[in-house]
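# A structural walkthrough
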Amino acid sequence: MGKHWQEISNNLLLHLRCFEILASYCWVAELMLFKFRPKHHVLWHMAQSVRTTKLNPKVFSCANEESFLGKLKHIAKMCHSRTMSGRCLQRWILALMMFIKQ
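The rules we used
Residues numbered from 1 in each chain as written. Predicted model: local features only at pLDDT ≥ 70, side-chain atom pairs only at ≥ 80, totals over all residues. Heavy atoms only, no water. Core = buried A, V, L, I, M, F, W, Y, C linked by side-chain atoms within 4.5 Å. Buried < 20%, exposed > 50% of the residue type's maximum accessible area, 1.4 Å probe, protein only. Helix = DSSP H or I, 4+ residues; strand = E, 2+ residues; numbered from the N terminus. Contact = heavy atoms within 4.5 Å. pLDDT = per-residue confidence, 0-100. Patch = residues over 30% accessible without salt bridge, like charges linked within 9 Å, V, L, I, M, F, W, Y side chains within 5 Å. Areas by Shrake-Rupley, 256 points an atom, 1.4 Å probe, with all protein chains shown as cover. Salt bridge = Lys/Arg side-chain N within 4 Å of Asp/Glu carboxyl O. Expected span 1.5 Å × (residues − 1). Polar contact = N/O pair within 3.5 Å; in protein donor to acceptor, adjacent residues only side chain to side chain.

### As for the nonpolar core
- If you look at the biggest cluster of nonpolar residues, it comprises eight residues: Trp5, Leu12, Leu13, Leu16, Leu43, Met46, Ala47 and Val50.
- Listed by contribution, the elements that provide at least two residues to this core are helix 1 (2-28) and helix 2 (38-53).
- In contact with Val50, other than residues within four places in its own chain, are Trp5, Ile8, Ser9, Leu55 and Pro57.

### Re the confidence of the model for the chain
- Residues of the chain with pLDDT of at least 70 account for 86%, and the chain-wide mean is 80.
- No element of the chain has a lower mean pLDDT than helix 3 (residues 63-77), which averages 76, and none a higher one than helix 4 (residues 84-101), which averages 86.

### Regarding a nonpolar patch on the surface
- A contiguous nonpolar patch, built from Leu89, Ile93, Leu94, Met97 and Met98 and spanning about 500 Å² of accessible area, is present on the exposed surface.
- Its location among the elements puts Leu89 in helix 4.

### Some remarks on helix 2
- Over its 16 residues, helix 2 runs 22 Å from end to end, which matches the ideal 22 Å to within 8%, given 1.5 Å per residue.
- Restricting attention to buried positions, one finds in helix 2 the residues His40, Leu43, Met46, Ala47, Ser49 and Val50.
- Once helix 2 ends, the next one or two residues include Lys54, with phi positive near 60°.

### Re the side chain of Ser9
- Along the chain, Ser9 turns up in helix 1.
- Separated by 2.7 Å, the side chain of Ser9 and the backbone oxygen of Ala47 make a polar contact.
- With residues near it in sequence (within four places) discarded, Ser9 still touches Ala47, Val50 and Arg51.

### Examining the environment of Lys3
- When you line up the elements, Lys3 lands in helix 1.
- Once the C-alpha coordinates of Lys3 and Arg51 are considered, the two residues, 48 residues apart in sequence, prove to be 9.6 Å apart.

Laid out in structure tokens, this is it:
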């Protein structure tokens, strides 16, 4: 059972190494197709914590938060920049009320 967690960690690190090679090659070619994001740093920490804690990587996932932020971004893009903070909240509450009513 111990090798299972080691394999998960190794595969995550292998993915990051491959992505690093692609990012460095495309940066030299000035294409910038593979950009490192903060998510990659989180993925590295996830690979390290899987080895020590032996917990499922889904425990460290933040997919729900990202989809919520994506919805907020979509609403915010439709608002004027001067009134965005207030209007974004109003539109989110309106969308939430419509969802609950359905």
